[in-house]
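Fold and contact review
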Amino acid sequence: MTHVRDLLRLSGVLMSAALAGCSILGSDSDFAPPPSRAATFRITSAGVPGLPPGTAFSKKAIEALEPGYTVSSVTMATEQSESVAALALFRDGLQVLQVLPGSGGRIGAVHGVSESLVGPNGERIGMTFREARVDRASCREGRGNWLAMPICTARGAPNVTFVFAIPGYIAAGALPDDETLAGATLQRIIWVPPVG
């Protein structure tokens, strides 16, 4: 007999795969061992190391700045859109970053989707809301494709946000209670270029 807990766990796995831009089904490479916990990038308000805000949005430019990474064109979902053309950085066959186009042919938002990334205060993909020590007051409920997902601003980095998932949670027009929120899982770290 299937238990509700098993169904909630499965929904969390499916949501994580969807947010990371991965396929649940696919080649044998989809079942590779988990990535190393060694940090590859620290995403801060200044950006992602090696990808300054003025970087050209091109496969060639990004590969030149990030040796050791393979850059491929991908289509991804954002909060506002079902289908956005982006460039993804892969290392050892695993997706680490998704880079969206910005204005003037430059890079825009950069989405970190790997456990090997570190946020401005040591936050990592897979941490719970409680473990990441995020302030509830810095959060809002996601909309559109990220409905019911808490989206929070990083401490001390106003242009870095975190997207959390809560398996089985249904949008109520506001953030969930503290106990439910504490168990939300960090799915992605997003940096956007500073305005100005």
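1. Here we look at the sheet that holds strand β4 (residues 94-101)
What links the strands of a sheet is backbone hydrogen bonding, and the strands pair in either a parallel or an antiparallel sense. Read across the sheet, 8 strands follow the order β2-β3-β4-β5-β10-β9-β8-β7 without closing on themselves; strand pairing throughout is antiparallel. Both outer strands of the open sheet, β2 (70-76) and β7 (139-141), are each paired with one neighbouring strand and no more. The mean inter-strand angle of the sheet, taken between neighbouring strand axes irrespective of direction, is 30 degrees.

2. A look at the pairing of strand β9 (residues 157-165)
Within β9, 7 of the 9 residues are buried, which leaves it mostly tucked inside the rest of the structure. Taken together, the 4 bridges between strand β8 (residues 150-154) and β9 define a ladder with antiparallel strand orientation. When the bridges of β9 are listed, Ala154 appears paired with Ala157. Following β8, the chain reverses through 2 residues before pairing antiparallel with β9; Gly156 in that reversal takes a positive phi of roughly 75 degrees.

3. Considerations on empty space enclosed by the protein
Taken as a whole, this structure holds 1 cavity of 30 Å³ or more when the rule is applied. Considering the residues around the largest cavity, the lining is formed by Glu123, Ala132, Arg133, Val134, Asp135, Ser138, Thr153, Ala154, Arg155 and Phe162. In the lining of the largest cavity, the residues fall into 4 nonpolar, 2 polar and 4 charged.

4. Considering the pattern of salt bridges
In total, this model carries 3 salt bridges according to the counting rule given. When the shortest N-O distance is used, the salt bridge between Glu63 and Lys59 registers 3.1 Å. With a gap of 4 residues between them, Glu63 and Lys59 both fall in helix α2 (residues 59-65), about one helical turn apart. For Lys59, a relative accessible area of 40% corresponds to the partly exposed category. Close ionic contact of Glu79 with Arg140 constitutes a salt bridge, the shortest N to O distance being 2.8 Å. With Glu79 in the loop between β2 and β3 (84-91) and Arg140 in strand β7, this residue pair connects regions lying 61 residues apart in the sequence. A relative accessible area of 8% means that Glu79 is categorised as buried. Judged by relative accessible area, which is 31%, Arg140 ranks as partly exposed.

5. Thoughts on the packing of aromatic side chains
Summed over all chains, the structure comprises 3 aromatic pairs. Taken together, a centroid distance of 5.4 Å and an interplanar angle of 35 degrees make the contact between Phe41 and Tyr69 tilted. With Phe41 in strand β1 (residues 41-42) and Tyr69 in the loop between α2 and β2, this pair connects stretches of sequence that are 28 residues apart. Ring pairs connect the aromatic residues Phe129, Phe162 and Phe164, which therefore count as one cluster. Sitting over the face of the ring of Tyr69, Arg91 holds its NZ or CZ atom 4.4 Å from the ring centroid.

6. Quick look at the pairing of strand β5 (residues 107-112)
Taken residue by residue, a regular strand's side chains alternate between the two faces of the sheet. Where burial is concerned, most of β5 is hidden: 6 out of the 6 residues are buried. Across 4 bridges, the pairing between β4 and β5 is antiparallel. Bridging from a neighbouring strand, Gln98 pairs with His111 of β5. Taking the residues that link successive antiparallel strands as the turn, the β4-β5 hairpin has 5 residues, and the phi of Gly104 there is positive, at about 60 degrees. With 3 bridges joining them, β5 and strand β10 (residues 185-191) adopt antiparallel strand pairing. Bridge pairing links Gly112 to Ile189 in β10.

Reading the values: rules and limits
Residues numbered from 1 in each chain as written. Predicted model: local features only at pLDDT ≥ 70, side-chain atom pairs only at ≥ 80, totals over all residues. Heavy atoms only, no water. Pairing = 2+ DSSP bridges. Helix = DSSP H or I, 4+ residues; strand = E, 2+ residues; numbered from the N terminus. Axes fitted to C-alpha atoms, helices over the stretch in contact; angles between N-to-C directions. Buried < 20%, exposed > 50% of the residue type's maximum accessible area, 1.4 Å probe, protein only. 1 Å grid on protein atoms, 1.4 Å probe; cavity = no way out; pocket = protein on both sides within 12 Å on 5 of 7 lines; lining within 4 Å. Points joined across faces, edges and corners; volume = space filled by probe spheres on them. Nonpolar A, V, L, I, M, F, W, Y, C, P; charged D, E, K, R; others polar. Salt bridge = Lys/Arg side-chain N within 4 Å of Asp/Glu carboxyl O. Phe/Tyr/Trp six-rings, centres within 6.5 Å; stacked < 30°, edge-to-face > 60°. Lys NZ or Arg CZ within 6 Å of the ring centre and 35° of its normal.

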